[in-house]
Amino acid sequence: MALEHALLVALSERPAAGLELARRFDRSIGFFWSATHQQIYKVLRRMETDGWVTAETIEQTGRPEKREYTVTDLGHKVLAEWISTTTPRAGFRSEIAVKMRAASYGDRKALLANIAELIADHQVRQEHYEAMAARDYPDPGVLSGQDLDTYLVLRGGILQETFWIAWLNEYLEAHA
């Protein structure tokens, strides 16, 4: 997946200025696809040049003007074509997994401390996802369309964090 596709998704949901888009990206799609604010601005300019988005300059009182980006018909076509392509099978690529496998050759105590920190990070993220689900989707059984799609991706994030917490705890407990 290219950053362009993630930005097309975010802008299809709601047009935005670059800064707003970067902030939204950090709070939602950024959980699944990370990018710096600089990368986002660079890609937005390229997408505008390619005709995938347009930018409208908006005057602001007491603040610099901003450029609000909207997906064009061509951008929607590109996104639709990308959605219909076959997705490569996701592999299990994890630096911590390689370190866990190699722990006998190094400082296991430092690794176990790192794993405890990772568990705490995953717990925070899982709690955040669960709070978002409870706040935004209190009755998932009635969802459809975009709301259902977004909720199910959020559920994927919850399940992924559940996996990481359980697996890393299993490793810690085995070495206790």
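From a predicted model like this one, the values you see are computed outputs, not experimental measurements. (Residues numbered from 1 in each chain as written. Predicted model: local features only at pLDDT ≥ 70, side-chain atom pairs only at ≥ 80, totals over all residues. Heavy atoms only, no water.)

With that out of the way, let us pick up the nonpolar core. Of all hydrophobic cores here, the largest spans 21 residues; its most connected members are Leu7, Leu8, Leu11, Leu21 and Ile40. Taken together, the elements giving at least two residues each to this core come down to α1 (3-13), α2 (18-27), α3 (37-49), β3 (63-71) and α4 (73-84). Looking at which element gives the most residues to this core, the answer is α1, with 6 residues. Discounting residues that sit within four places of it in the chain, Leu21 has contacts with Leu7, Ala10, Leu11, Ala16, Ile40 and Leu44. Core analysis: the second largest hydrophobic core is formed by 11 residues, Ala103, Ile115, Ile119 and Trp164 among them. (Core = buried A, V, L, I, M, F, W, Y, C linked by side-chain atoms within 4.5 Å. Buried < 20%, exposed > 50% of the residue type's maximum accessible area, 1.4 Å probe, protein only. Helix = DSSP H or I, 4+ residues; strand = E, 2+ residues; numbered from the N terminus. Contact = heavy atoms within 4.5 Å.)

A separate point is the pairing of β3. Remark: a regular strand shows side chains that alternate across the two faces of the sheet. Here strand β1 (residues 16-17) pairs with β3 via 2 bridges, running antiparallel. Along β3, the bridge assignment pairs Ala17 with Glu68. Two strands pair when backbone bridges link them, and strand β2 (residues 53-60) and β3 are joined in this way by 7 bridges, in the antiparallel orientation. Bridging across to β3, Ile58 finds its partner in Lys66. Between β2 and β3, which pair antiparallel in sequence order, lie 2 residues; one of them, Gly62, sits at a positive phi of approximately 75°. (Pairing = 2+ DSSP bridges.)

This brings us to the UniProt feature "domain: Transcription regulator PadR C-terminal" (unreviewed entry) in the protein. Here, the residues flagged by UniProt with the feature "domain: Transcription regulator PadR C-terminal" (unreviewed entry) are residues 93-174. Across residues 93-174 one finds 80% helix and 0% strand; the C-alpha atoms that close the span lie 22 Å apart. (UniProt positions renumbered as here; feature names shortened; annotations may be inferred.)

One open sheet accounts for 3 strands, arranged β1-β3-β2; its pairing is antiparallel. Of all strands in the sheet, those bounded by a partner on one side alone are β1 and β2. Relative to the sheet, α1 contacts β1, β2 and β3, its axis offset from that of β3 by approximately 100°. (Axes fitted to C-alpha atoms, helices over the stretch in contact; angles between N-to-C directions.)

Our next topic: the layout of surface pockets. Considering only enclosed or pocket space, the second largest pocket measures out at about 210 Å³ in volume. For the second largest pocket, the full set of lining residues is Ala17, Gly18, Leu19, Glu20, Arg23, Tyr41, Gln60, Arg63, Lys66, Arg67 and Tyr69. Of all elements in the fold, only α2 and β3 reach the threshold of two or more residues within the lining of the second largest pocket. Its residues placed into classes, the lining of the second largest pocket shows 4 nonpolar, 2 polar and 5 charged. (1 Å grid on protein atoms, 1.4 Å probe; cavity = no way out; pocket = protein on both sides within 12 Å on 5 of 7 lines; lining within 4 Å. Points joined across faces, edges and corners; volume = space filled by probe spheres on them. Nonpolar A, V, L, I, M, F, W, Y, C, P; charged D, E, K, R; others polar.)

Turning our attention to α2. Three or more residues of α2 are buried, namely Gly18, Leu21, Ala22, Arg24 and Phe25. Buried residues of α2 fall within an arc of 165° about the axis and therefore sit on the same side. In the core, the buried residues of α2 are packed alongside α1, β1, α3 and β3. (Arc of directions from axis to C-beta.)

With respect to the secondary-structure elements, Ala113 resides in helix α6 (residues 108-136). For Ala113, a relative accessible area of 39% puts it in the partly exposed group. Along the sequence, Ala113 and Leu172 sit 59 residues apart, while their C-alpha atoms lie 9.2 Å from each other.

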